[in-house]
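# Tertiary structure, described
Each chain, written out:
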Amino acid sequence: MARSEPNFWPALVFYLLYPLGFIALAVLPAHDAASSSRAVLLGFAFWLLHLCDL
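Everything in this summary refers to the structure shown in the same document. (Residues numbered from 1 in each chain as written. Predicted model: local features only at pLDDT ≥ 70, side-chain atom pairs only at ≥ 80, totals over all residues. Heavy atoms only, no water.)

## Here's the deal with the packing of aromatic side chains
In total, this model carries 5 aromatic pairs according to the counting rule given. With 5.4 Å between their ring centres and 35° between their planes, F14 and Y18 make a pair best called tilted. You can see F14 and its partner Y18 sitting in helix α1 (residues 9-33), 4 residues apart, about one turn around the helix. An angle of 55° between the planes, with centres 5.2 Å apart, marks the rings of Y18 and F46 as tilted. Here F46 lies in helix α2 (residues 36-53) and Y18 lies in helix α1, a separation of 28 residues in the sequence. For Y18, a relative accessible area of 30% gives the class partly exposed. A relative accessible area of 11% places F46 in the buried class. Chaining the aromatic ring pairs together yields one cluster made of F14, Y15, Y18, F22 and F46. (Phe/Tyr/Trp six-rings, centres within 6.5 Å; stacked < 30°, edge-to-face > 60°. Helix = DSSP H or I, 4+ residues; strand = E, 2+ residues; numbered from the N terminus. Buried < 20%, exposed > 50% of the residue type's maximum accessible area, 1.4 Å probe, protein only.)

Without other data, these values stay purely geometric and don't point to any function.
As C-alpha cells, then:
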C-alpha cells in the first residue's frame, strides 16, 4: 500500500552515497593510475553493479 506521505530519508541517503561510491570506486583509482581507459572500465563496472541491484 502507498503511504500518505513519502519518506525522503532513504532517497536522500542514496543520492548522497551514490556519487561518493562512484568517486571512490571508479574515479580515484583511475586518477591514481593516470589512465582514462581505467576510468571508463571502472565506471562501466560500477554501472553493471548498479544494474544488478535493480
